[in-house]
Amino acid sequence: LSEIHAWGRRSCCGRSWVLRSRFGGFPFGRIRSLEGRRVSVRPSHRQARRPLPPCKEREKQRAAAREGSREVPGAMGCGGAAPAVLLLLPVLLRSGAEKLEDGCGPVIIHQDSGTLASKDYPGTYPNYTVCERRIQVPQGKRLIIKIGDLDIESQRCDSDYLIIRSPTTVHGPYCGNMPVPKEIILDSNAATVHFESRSHVSGRGFLLSFASSDHPDLITCLERANYHVEAEYSRYCPAGCREIAGDISGNIVEGYRDTSLLCKSAIHAGVIADELGGQIIVIQQKGASRYQGILANGIHSQDGSLSEKRFIFTSNGKKCSFI
């Protein structure tokens, strides 16, 4: 939590406090409990100018001052000066830096792979938020990270940015239009992904996938079949692609339009489970005149129009369809 300023004044019935964040104004729209936090406070000259409730103590101080007495400490209120430190119990406040995971979207992490995205992806990520997650694969393996999408408004990474830290290296910060590596291979089995935002207007944020070095053919949840030219190929899908926004057209019986997301189509076809991820083998074929959408495995595919190519899945050399 960043710095909090508090302006205090006394009344005959006790002391009241006006709290403001250093970002200016009281952030009514961003309130969070701060139980038991100790914060520094100081009196404000603006509060001193405000009318104070009359009380006998204050009148005595004024009379003493008129008689030439020495200045009485705490004359701004009815008694002693405001304390330097105040223990705030049920104080409600939200500042720019929030919980380390409140800026993360839904996260699916399996033992060997996973998917991580910013909150509301692919919509605009929230203001003043932080997403920090530790990702890892089994000991003895190297961690592979693929950034599928990065759209962060800041151009200099001074306010909004993505950074990836391992015990030996730091990758980033990344933001704006700067080049971003599509694949990061670390020397260790773990890393911390840190995404931070402040006030901004637009930006999808980020989406990345990761897996162990056992899967060098890792792809992200955003990869489509028309990215590939091979007639047959094998790729590894990470866990957590079912809820990622993106269309698929077709079904396991007739095949899928080549504009469909590969991993989401594989979950729809029942080739892999979303919570596990897995290896897929894809065969490209001549396209169909139309594609019928159906609901399967929690995903509703869409109807599709004529395309030049379509694809089906195979398992152990057998086609995963009923054609």
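Look a little higher up for the structure.
Residues numbered from 1 in each chain as written. Predicted model: local features only at pLDDT ≥ 70, side-chain atom pairs only at ≥ 80, totals over all residues. Heavy atoms only, no water.

(A) Expanded view of helix α3 (residues 262–269). Burial within α3 is extensive, with 8 of its 8 residues counted as buried. For α3, the full list of buried residues reads Leu262, Cys263, Lys264, Ser265, Ala266, Ile267, His268 and Ala269. Of the residues flanking the end of α3, it is Gly270, one or two places downstream, whose phi is positive at about 80 degrees. (Buried < 20%, exposed > 50% of the residue type's maximum accessible area, 1.4 Å probe, protein only. Helix = DSSP H or I, 4+ residues; strand = E, 2+ residues; numbered from the N terminus.)

(B) Representation of unusual backbone geometry. Omega for the bond connecting Tyr121 with Pro122 falls within 30 degrees of zero, at 5 degrees, which places this linkage in the cis form. Considering the arrangement of structural elements, one finds Pro122 in the loop between β6 (113–117) and β7 (129–136). Across the junction of Gly172 and Pro173, the peptide omega takes the value 10 degrees, indicating a cis bond. Relative to the helices and strands, Pro173 is located in strand β10 (residues 170–174). Positioned with a positive phi, Tyr128 is a non-glycine residue whose angle comes to about 45 degrees. With respect to the secondary-structure elements, Tyr128 resides in the loop between β6 and β7. The class of Tyr128 is partly exposed, set by a relative accessible area of 23%. A positive phi angle is found at Cys157, which is not glycine, with a value near 60 degrees. With respect to the helices, strands and loops of the structure, Cys157 is situated in the loop between β8 (143–151) and β9 (161–165).

(C) Molecular detail of the pairing of β6. In terms of residue burial, β6 counts as a mostly covered element, since 5 of its 5 residues are buried. Side-chain alternation along β6 places Ser113, Thr115 and Ala117 on one buried face and Gly114 and Leu116 on a second face that is also buried. Pairing geometry for strand β5 (residues 108–109) and β6, over 2 bridges, is antiparallel. In the sheet register, Ile108 faces β6, and the bridge partner there is Thr115. Count of turn residues in the β5/β6 antiparallel hairpin: 3 residues. One ladder, built from 5 bridges, connects β6 with strand β13 (residues 205–212); its direction is antiparallel. Paired with Gly114 across the strands is Phe210, a residue of β13. (Pairing = 2+ DSSP bridges.)

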